[in-house]
Amino acid sequence: MEEIEYAILELLIFPEGFESIVEECRVKAGRHVIGDVLKQLLHDEYVGPFLKNEQGDFERSLGYDSDFLDGYYFQITSKGLKALESQA
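None of the values given here were measured: they were computed from a predicted structure. Residue positions are given per chain, counted from 1 along the sequence in the order it is written. This being a predicted model, a pLDDT of at least 70 is required before a residue's local features are given, and a value of 80 or more before pairs of side-chain atoms are given or counted; all residues contribute to the totals for chains, interfaces and linings. Working from all heavy atoms in the structure, the side-chain values ignore hydrogens and water.

1. Notes on the overall build of the protein
Defined as follows: Only DSSP runs of H or I covering at least 4 residues are called helices, and only runs of E covering at least 2 are called strands; the numbering of each starts at the N terminus. A radius of gyration in this sense is built from C-alpha atoms; the matching globule rule multiplies 2.2 Å by the number of residues raised to 0.38. Burial status follows relative accessibility: with a 1.4 Å probe on protein chains alone, a residue under 20% of its type maximum counts as buried, one over 50% as exposed, and anything between as partly exposed. Accessible surface is estimated by sampling points in the Shrake-Rupley manner with a 1.4 Å probe; for residues, cover comes only from the protein chains shown. In this count, Lys and Arg are taken as positive residues and Asp and Glu as negative ones, while His and the chain termini are left out. Where a charge sits is defined by one atom per residue type, namely NZ (Lys), CZ (Arg), CG (Asp) or CD (Glu).
A count of helices and strands for the protein gives 4 helices and 4 strands. At 12 Å, the protein has a C-alpha radius of gyration in line with the 12 Å of a compact globule built from 88 residues. Along the longest, intermediate and shortest principal axes, the C-alpha atoms of the protein span 35 × 25 × 20 Å. Taken across its 88 residues, the protein has 41% of its residues classed as buried. Carbon and sulfur atoms make up 48% of the accessible area of the protein, which totals about 5,400 Å². Averaging the coordinates of the 8 positive side-chain charges in the protein and doing the same for the 18 negative ones gives two points 3 Å apart.

Here it is as structure tokens:
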């Protein structure tokens, strides 16, 4: 995995919105680059997509709209945690 992938995973211990990921990523990259990396992490099942329900709680989404990442929250999966731990 590349440094930007680890940098994104580090941010996702709790659900984070896409804009927060772009702003807080320690590897400075454009919004499109971070979006592409996040999509790859989702595809590889290192990250899961979430939506907020009416009560404000996070619920795992079965899918996501890759053209509208701002509508979702993202959180690291157990597979992503293992990858993050192996990097340390």
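Resuming the write-up.
2. Some details on the packing of helix H1 (residues 3-11) against helix H4 (residues 78-87)
Each pair of packed helices can be described by the angle between their axes along with the distance between the axes. Put simply, the rule reads: For every element, the axis is a line fit to its C-alpha atoms; helices are fit only across the contacting stretch, and the angle between N-to-C directions ranges from 0 to 180 degrees. Every angle not falling under 35 degrees, over 145, or within 65 to 115 is termed oblique; those three ranges are roughly parallel, roughly antiparallel and roughly perpendicular. Crossings are assigned a handedness: left-handed for a near helix turned anticlockwise from the far helix by less than a right angle, right-handed for a clockwise turn. Any pair of residues with heavy atoms lying within 4.5 Å of one another is described as a contacting pair. Gly falls in the polar group here, along with every residue not listed as nonpolar (Ala, Val, Leu, Ile, Met, Phe, Trp, Tyr, Cys, Pro) or charged (Asp, Glu, Lys, Arg).
Across the interface, H1 lies against H4 with an axial gap of 10 Å and an inter-helix angle of 120°. If you check the angle between H1 and H4, you find them oblique. H1 and H4 meet at a crossing whose hand is left-handed. Between H1, through Tyr6, Leu9 and Glu10, and H4, the contact on the second element is made entirely by Gly80, Ala83, Leu84 and Gln87. For the contact of H1 with H4, the per-class residue count stands at 4 nonpolar, 2 polar and 1 charged.

3. Here's the deal with the pairing of strand S4 (residues 73-76)
Keep this limit in mind: When DSSP locates at least two bridges between a pair of strands, those strands are taken to pair.
Pairing of strand S1 (residues 16-17) with S4 involves 2 bridges; the strand directions are antiparallel. Bridging from a neighbouring strand, glutamate 16 pairs with phenylalanine 74 of S4.

4. With respect to the sheet that holds strand S2 (residues 47-52)
The 4 strands are arranged S1-S4-S2-S3 in an open sheet whose pairing can be described as antiparallel. Each edge of the open sheet is held by one strand with a lone partner, namely S1 and strand S3 (58-60).

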